[in-house]
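Structure at a glance
Okay, here's what each chain looks like letter by letter:
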Amino acid sequence: MPASLTEMLVRCRNDEKALYLYYYLQQKRGESIIIFCNAITATRRLNSLLDFLKIKNYCLHSKMQQRQRLKNLEKFKRGVNEIEAGVDTSAILVCTDVAARGLDIPYVGNVLHYQCPWNAEIYVHRCGRTARVGRDGECLALLAPEDNKAFKGICQVLKKTEDDLQMFDVKYSVLEKIKPLIDQAKVIEKSV
């Protein structure tokens, strides 16, 4: 891992991950973010939820037609480049691990592990999408109790302890204010 990468985590329940994601996105407005999920269904659900919340994002997974994948990837890259040029925009890519390797987007600022990767190799590849070419980057893992075993295994392989990672600073008073919005959005998104 590059020295310019800040690794963070948040402990939450699985049903709270969308709330913490929304909170994180609000903190990172005007920045580029890749959100990784383990499953296509989770990727589609998050893409739909963010669309419902009026948060512009692009989806990328292996079940999409190649043409659509390339189109979404190009739109994301354009957003990243616009941020780099000082344009007040954001660039969010919601994807599976199909995007964890081989993408050359040098200025991505943030990676969010919405679902805990299965192993250390995937974790390293996901984190490797940021903190490139000597730049700073940040990755955040949203960890539910069911992620403990996998994340401990990742830490063990990488010779880290959870104490080596920062806890993401959360203002719980703000979280409480946005919770009803996210709860309602999840209900409506499921019904669509």
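Note: the structure precedes this text.
Cut-offs and rules
Residues numbered from 1 in each chain as written. Predicted model: local features only at pLDDT ≥ 70, side-chain atom pairs only at ≥ 80, totals over all residues. Heavy atoms only, no water. Buried < 20%, exposed > 50% of the residue type's maximum accessible area, 1.4 Å probe, protein only. Helix = DSSP H or I, 4+ residues; strand = E, 2+ residues; numbered from the N terminus. Pairing = 2+ DSSP bridges. Phe/Tyr/Trp six-rings, centres within 6.5 Å; stacked < 30°, edge-to-face > 60°. Axes fitted to C-alpha atoms, helices over the stretch in contact; angles between N-to-C directions. Parallel < 35°, antiparallel > 145°, perpendicular 65-115°, else oblique. Left-handed = near helix turned anticlockwise from the far one by under 90°. Contact = heavy atoms within 4.5 Å. Nonpolar A, V, L, I, M, F, W, Y, C, P; charged D, E, K, R; others polar. Core = buried A, V, L, I, M, F, W, Y, C linked by side-chain atoms within 4.5 Å. Salt bridge = Lys/Arg side-chain N within 4 Å of Asp/Glu carboxyl O.

Before going further, it helps to spend a moment on the pairing of strand β6 (residues 137-143). Of all 7 residues in β6, 7 are buried; the element is thus mostly enclosed. Of the two faces of β6, the one holding Gly 137, Cys 139, Ala 141 and Leu 143 and the one holding Glu 138, Leu 140 and Leu 142 are both buried throughout. In terms of strand pairing, strand β1 (residues 5-11) meets β6 through 7 bridges, oriented parallel. Across the sheet, the residue bridging to Met 8 is Leu 140, located in β6. Pairing geometry for strand β5 (residues 110-113) and β6, over 4 bridges, is parallel. The partner of Val 111 across the bridge, within β6, is Cys 139.

The subject of this paragraph is the packing of aromatic side chains. A full pass over the atoms with the stated rule returns 3 aromatic pairs. With a centroid separation of 6.1 Å and 75° between ring planes, the pair formed by Tyr 23 and Phe 168 is classed as edge-to-face. One end of the pair, Tyr 23, is in helix α1 (residues 17-27); the other, Phe 168, is in the loop between β7 (166-167) and α6 (172-191), with 145 residues separating them in the sequence. Each member of the pair, Tyr 23 together with Phe 168, is buried.

With that settled, consider the sheet that holds strand β2 (residues 32-36). Remark on secondary structure: sheet strands pair via backbone hydrogen bonds, oriented parallel or antiparallel. A sheet is described by the order of its strands in space; here 7 strands give the open sequence β3-β4-β2-β5-β6-β1-β7, paired in parallel fashion. Every other strand in the sheet has two partners, leaving β3 (58-60) and β7 as the edge strands with one partner each. Both β1 and β7 contribute to a ladder of 2 bridges, which runs parallel. Note on β7: the bridge partner recorded for Met 8 is Gln 166.

α6 packs onto α1 with a crossing angle of 120° between their chain directions and a minimal axis gap of 9 Å. The angle between the axes of α1 and α6 places the two elements in the oblique class. As α1 runs across α6, the sense of the crossing is right-handed. Along its contact with α1, which presents Ala 18, Leu 19, Tyr 20, Tyr 22 and Tyr 23, the element α6 presents Tyr 172, Val 174, Leu 175, Ile 178, Lys 179, Leu 181, Ile 182 and Lys 186. Its residues assigned to classes, the contact of α1 with α6 shows 11 nonpolar, no polar and 2 charged.

So, on to the nonpolar core. If you look at the biggest cluster of nonpolar residues, it comprises 32 residues, and the most contacted ones within it are Leu 21, Ile 35, Tyr 114 and Leu 142. Cys 95, Val 108, Leu 143 and Leu 165 belong to the second largest nonpolar core, which has 31 residues in total.

Enumeration over the complete set of coordinates arrives at 11 salt bridges. Two residues, Glu 16 and Arg 13, come together in a salt bridge whose shortest N-O distance is 3.3 Å. By relative accessible area, which is 19% here, Glu 16 ends up buried. According to the relative accessible area criterion, Arg 13 is partly exposed, its value standing at 46%. Between Glu 84 and Arg 135 there is a salt bridge whose closest N-O contact spans 2.8 Å. Linking Glu 84 in helix α3 (residues 66-84) with Arg 135 in the loop between α4 (120-127) and β6, this pair joins segments that are 51 residues apart in sequence. Overall, the relative accessible area of 38% leaves Glu 84 in the partly exposed class. Three or more residues joined by partner-sharing salt bridges are found here, namely Arg 13, Asp 15 and Glu 16.

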